[in-house]
Amino acid sequence: CVCNAYPLFYPTYAGDEDISNVTIGSMNNSSTCALIAGGAGSILNKYGNYAGIVSGPSVSQASAVSFSLTQTTCGGSYDNFFQIYVDWNQDGDWLDAGEQVYSQAASVIGNQTVTGSFAVPITSSLGTTRMRVVNSENIASTTNYAHNAYTWGETEDYCMTIVAGVNCTGTPN
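Being a predicted model, the structure only gives us computed values, none of them experimental.

Thoughts on the pattern of salt bridges
One pass over the structure, following the stated rule, counts 2 salt bridges. For Arg130, the salt bridge identified is with Asp157, shortest N-O distance 2.8 Å. A residue pair is termed long-range when its members are at least 10 positions apart, and Arg130 in strand 10 (residues 127–136) and Asp157 in strand 11 (residues 153–163) qualify at 27 residues. Arg130 gets classed as buried once you look at its relative accessible area, which sits at 5%. Residue class for Asp157 comes out buried when judged on its relative accessible area of 0%. Here Asp157 makes a salt bridge to Arg132, at a shortest N to O gap of 2.6 Å. Note that Asp157 is positioned in strand 11 and Arg132 in strand 10, a separation of 25 residues in sequence. Through salt bridges with shared partners, a single network forms among Arg130, Arg132 and Asp157.

Below you can see the structure in the form of structure tokens.
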């Protein structure tokens, strides 16, 4: 997760929308507009590399993972929305079907918190992989902002560990 060379896309300009909290499963990370992440390549108000810095969640295949994402303005308030990506097959990108696990349906003007959950595929590769959270100042869309440039907002990277699902026991009802 830390050593694999993932493509890096983040906003052209700093300011306006910034990710101030990412809670996914057992992981909770808060930041401010004045705080730069500790990971390699981090850029204030554009890209926060928390991979290997923040202890990521451990999730089981075929489980549901809850999340809460908070955006805070560091300047103006404009339409913005969140996306979450997980590299389930650990091939170094977020281009495969199902790797965009969340894309907010409608943009919001100003500060916001979104909550929800996503499913871990039973076919996901075991081990530690990269997870990307994007807040883009845009009208909500399904455009893959983990692999496309955007103008304002912030991108943050984390690690997530996939463990084997629990085998079923007993006789089903």
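Quick word on the packing of aromatic side chains
Evaluation of the coordinates by the stated rule reveals 9 aromatic pairs. Seen from their ring centres, Tyr145 and Tyr150 are 5.5 Å apart, and the 70° between their planes marks the pair as edge-to-face. Each member of the pair, Tyr145 as well as Tyr150, carries the same accessibility label: buried. Of the aromatic side chains, those joined through ring pairs into one cluster are Phe67, Trp88, Tyr102 and Phe118.

Some remarks on the environment of Thr151
Mapped onto the fold, Thr151 is located in the loop between strand 10 and strand 11. Residue class for Thr151 comes out partly exposed when judged on its relative accessible area of 37%. Note: C-alpha distance between Thr151 and Tyr10 (141 residues apart in sequence) is 8.2 Å. Once residues lying within four places of it in the same chain are set aside, the contact partners of Thr151 are Pro11, Thr12 and Tyr13.

The rules behind the values
Residues numbered from 1 in each chain as written. Predicted model: local features only at pLDDT ≥ 70, side-chain atom pairs only at ≥ 80, totals over all residues. Heavy atoms only, no water. Salt bridge = Lys/Arg side-chain N within 4 Å of Asp/Glu carboxyl O. Helix = DSSP H or I, 4+ residues; strand = E, 2+ residues; numbered from the N terminus. Buried < 20%, exposed > 50% of the residue type's maximum accessible area, 1.4 Å probe, protein only. Phe/Tyr/Trp six-rings, centres within 6.5 Å; stacked < 30°, edge-to-face > 60°. Contact = heavy atoms within 4.5 Å.

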